[in-house]
Amino acid sequence: MRLIAENLGGERGGERLFSGLDFTVSPGEALLVTGPNGAGKSTLLRIIAGLLLQADGTLRLEGAPDAYEGLVAASHYLGHLNAMKPVLSINENLRFWQEFNGTGQHSIEEALEFVSLGDIGHLPFGYLSTGQKRRASIARLLISDRPVWLLDEPTAGLDKASELQFARLMQSHLNEGGIIIAATHLPLGLDGARELSLGAVV
Amino acid sequence: MGALFLRDIRLGLRAGGGALVGILFFLAVIAVVPFGVGPDLKLLARIGAAMLWIGALLATLLGLDRLFQADRDDGSLDLLIMAQGRHLLALTVLVKCLAHWTVSVLPLVVASPLLGLFMNMEPAAIGATTLTLLVGTPAITLIGAVGAAVAVSLPRGGLLVSVIILPLTIPVLIFGVSASYGAVEDPAPFLAPFLILAAITLFFAVLGPLAAAAALKSSAD
């Protein structure tokens, strides 16, 4: 399984953000997308997630496991928004996404333990703090299996301990042969992650 | 898909879901008609079916703009669109429409016999109007889904959605009302307009979700 981008170009509102991007990500590899604000990091992730059309170039996932048809179906997307309903409890939110996206190797209880929210799963999502919301959203990545994780500023709002915890979760995803593409300003604490710098002109 | 249906029902019933707004609006519209029209019981009985239908139509339009916007605001819509490989997007839209109809519109249908009494309608007319509302209102929701999907990225698209889809719901109103009258007024037929009403609902059950899914796909930004 390899994620291959060739001559990829993206634009937003008619404005060209980047072009001629070539990269290949193999299993167990993480690609950190860096660059100043407005360089097109989120746009690149949304293009990979199939939510935006690329201006030119091609994007494909070679040798994907049979369970997933194509790149989008094999991807988890963690955007700026947490995709959780404030009036439903964490458990209800996660149960919905698990039933909708398919059961993974971790149960909801296990996933909540991994992000240290095990004892407050019954609380409405709207009651949580920013960091806790982010952690609940990270738990969503664990309850359904997807080999490719697309993370947009995943550590926004997390404290130091949660960042370390999340780094361990990402590392174990990579060790199992997963792929991570993350847009970030902060180091995520991953060993051997490659970096793709967008918009070098400041 | 069952999970999506249950989630949307729960969201509609919990605080801020807005399921009650439609039925209160419906009640308000029908309750003020006798005051405006005057105490002519024969006239009220004659316009009763039409007023019930207009009230139900407007009450149905009321909550439609939030159909996809709530999911867009919290990022869920992105994930629903990304899940196309597992769940056909048109089917996702259809399930969301069914859940919305069950929570927001079915109560209107259930309340319509009671409101029919306000309008001094005969039992047969009340029965026929309730039946036509039951069959016809899903079409309004399904047409509305297209408008809601087109206007999903507009922050205050509520009125726009109503304006876009109101012309398209006119056939539903015409055949709904004429079937209701057909049940009580002798020369007018009941079955023919009723069957056309059912056909309109079935037609939009196919076309509405497909069009809404296409609009949602191209609205992602």
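Residues numbered from 1 in each chain as written. Chains lettered and ligands numbered in written order. Predicted model: local features only at pLDDT ≥ 70, side-chain atom pairs only at ≥ 80, totals over all residues. Heavy atoms only, no water.

### Brief notes about the overall build of chain B
Selection criterion: Numbering of helices and strands runs from the N terminus; a helix is a DSSP stretch of H or I covering at least four residues, while a strand is a stretch of E covering at least two. A radius of gyration in this sense is built from C-alpha atoms; the matching globule rule multiplies 2.2 Å by the number of residues raised to 0.38. Exposure categories follow from relative accessible area, calculated using a 1.4 Å probe and restricted to protein chains: below 20% of the type maximum is buried, above 50% is exposed, and the middle band is partly exposed. The protein chains shown are the only cover counted for residues, whose accessible areas, like all others here, come from Shrake-Rupley with a 1.4 Å probe. Working convention for charge: Lys and Arg count positive, Asp and Glu count negative, and His plus the chain ends are omitted. Note that the charge is assigned to NZ on lysines, CZ on arginines, CG on aspartates and CD on glutamates.
A tally of regular secondary structure across chain B gives 9 helices and 0 strands. The globule rule puts the C-alpha radius of gyration for 221 residues at 17 Å, and the 18 Å found for chain B is close to it. Among the 221 residues that make up chain B, the fraction classed as buried is 51%. For chain B, the exposed area adds up to about 9700 Å²; of that, 75% sits on carbon and sulfur atoms. Within chain B, the 11 negative side-chain charges are centred at a point lying 7 Å from the centre of the 11 positive side-chain charges.

### Remarks on the environment of Gly57(A)
Residues and elements named next belong to chain A. Basically, it comes down to this: The contact rule is simple, with two residues in contact once any of their heavy atoms fall within 4.5 Å.
Tracing the chain through its elements places Gly57 in strand 4 (residues 56-62). Accessibility expressed as a relative area gives 29% for Gly57, which makes it partly exposed. Remark: the alpha-carbon pair of Gly57 and Asn7, spanning 50 residues in sequence, is separated by 4.7 Å. The contacts of Gly57, once residues within four sequence positions are left out, are Glu6, Asn7 and Leu8.

### Notes on the interface of chain B and chain A
Selection rule: In short, buried area is how much 1.4 Å probe accessible area vanishes from two parts on joining, totalled over both. Throughout this description, the term salt bridge denotes a Lys or Arg side-chain nitrogen within 4 Å of a carboxyl oxygen of Asp or Glu. When residues are grouped by polarity, Ala, Val, Leu, Ile, Met, Phe, Trp, Tyr, Cys and Pro land in nonpolar, Asp, Glu, Lys and Arg in charged, and all others, Gly among them, in polar.
With 26 residues of chain B at the contact, the number on the chain A side is 24 residues. A buried area of about 2300 Å², summed over both sides, lies between chain B and chain A, and 64% of it is on carbon and sulfur atoms. Here chain B and chain A share 5 salt bridges between them. Linking Lys85(A) and Asp71(B) is a salt bridge whose minimum nitrogen-to-oxygen distance equals 2.6 Å. Put simply, the parts of the chain that give the side of chain B that touches chain A at least two residues each are helix 1 (2-13), helix 4 (66-73) and helix 5 (76-82) of chain B. The element contributing the most residues to the side of chain B that touches chain A is helix 5 of chain B, with 6 residues. Considered class by class, the residues forming the side of chain B that touches chain A number 12 nonpolar, 4 polar and 10 charged.

### Side note on the UniProt feature "transmembrane region" (unreviewed entry) in chain B
Quick reminder of the rule: UniProt positions are given in the numbering used here, feature names are shortened, and annotations may be inferred rather than shown by experiment.
Under the local residue numbering, the UniProt record ascribes the feature "transmembrane region" (unreviewed entry) to residues 12-37, 43-68, 88-111, 131-152, 159-184 and 190-216 of chain B. Secondary structure within residues 88-111 of chain B divides into 96% helix and 0% strand; the distance between the first and last C-alpha atoms comes to 34 Å.

### Quick notes on the packing of aromatic side chains
Under the convention used in this document: Think of it this way: a Phe, Tyr or Trp ring, Trp meaning its six-membered ring, pairs with another when their centres are within 6.5 Å, and the plane angle makes it stacked under 30 degrees, edge-to-face over 60, tilted otherwise. Charge-over-ring placement is defined geometrically: NZ (Lys) or CZ (Arg) within 6 Å of the ring centre, and within 35 degrees of the ring normal.
Scanning the entire structure with this criterion turns up 5 aromatic pairs over all chains. With 6.1 Å between their ring centres and 80° between their planes, Trp97(A) and Phe100(A) make a pair best called edge-to-face. You can see Trp97(A) and its partner Phe100(A) sitting in helix 3 (residues 90-101), 3 residues apart, about one turn around the helix. The residues Trp97(A) and Phe100(A) share a single accessibility class, namely buried. Sitting over the face of the ring of Phe96(A), Arg7(B) holds its NZ or CZ atom 4.4 Å from the ring centroid.

### Some remarks on the packing of helix 3 of chain A against helix 1 of chain B
Note the following rule: Note on method: axes are straight lines fitted to C-alpha atoms, helices fitted across the in-contact stretch only, with angles between N-to-C directions ranging 0 to 180 degrees. Between 65 and 115 degrees an angle is taken as roughly perpendicular, under 35 as roughly parallel, over 145 as roughly antiparallel, and anywhere else as oblique.
Orientation of helix 3 of chain A relative to helix 1 of chain B, taken along the N-to-C sense of each, is 155°, at an axis distance of 9 Å. Taken together, the axes of helix 3 of chain A and helix 1 of chain B lie roughly antiparallel to each other. Touching Glu92(A), Phe96(A), Glu99(A) and Phe100(A) of helix 3 of chain A are Ala3(B), Leu4(B), Arg7(B) and Arg10(B), all from helix 1 of chain B.

### Regarding the packing of helix 7 (residues 123-150) of chain B against helix 9 (residues 191-219) of chain B
Residues and elements named next belong to chain B. Condition: Less than a right angle of anticlockwise turn of the near helix away from the far helix marks a crossing as left-handed, whereas a clockwise turn marks it as right-handed.
Where helix 7 contacts helix 9, the two axes come as close as 8 Å, and the packing angle between them is 20°. The pairing of helix 7 with helix 9 is recorded here as roughly parallel in orientation. In this structure, helix 7 crosses over helix 9, and the sense of that crossing is left-handed.

### Some remarks on the environment of Val21(B)
Tracing the sequence through the fold places Val21(B) in helix 2 (residues 19-37). Of the residues examined, Val21(B) reaches a relative accessible area of 46% and is grouped as partly exposed.

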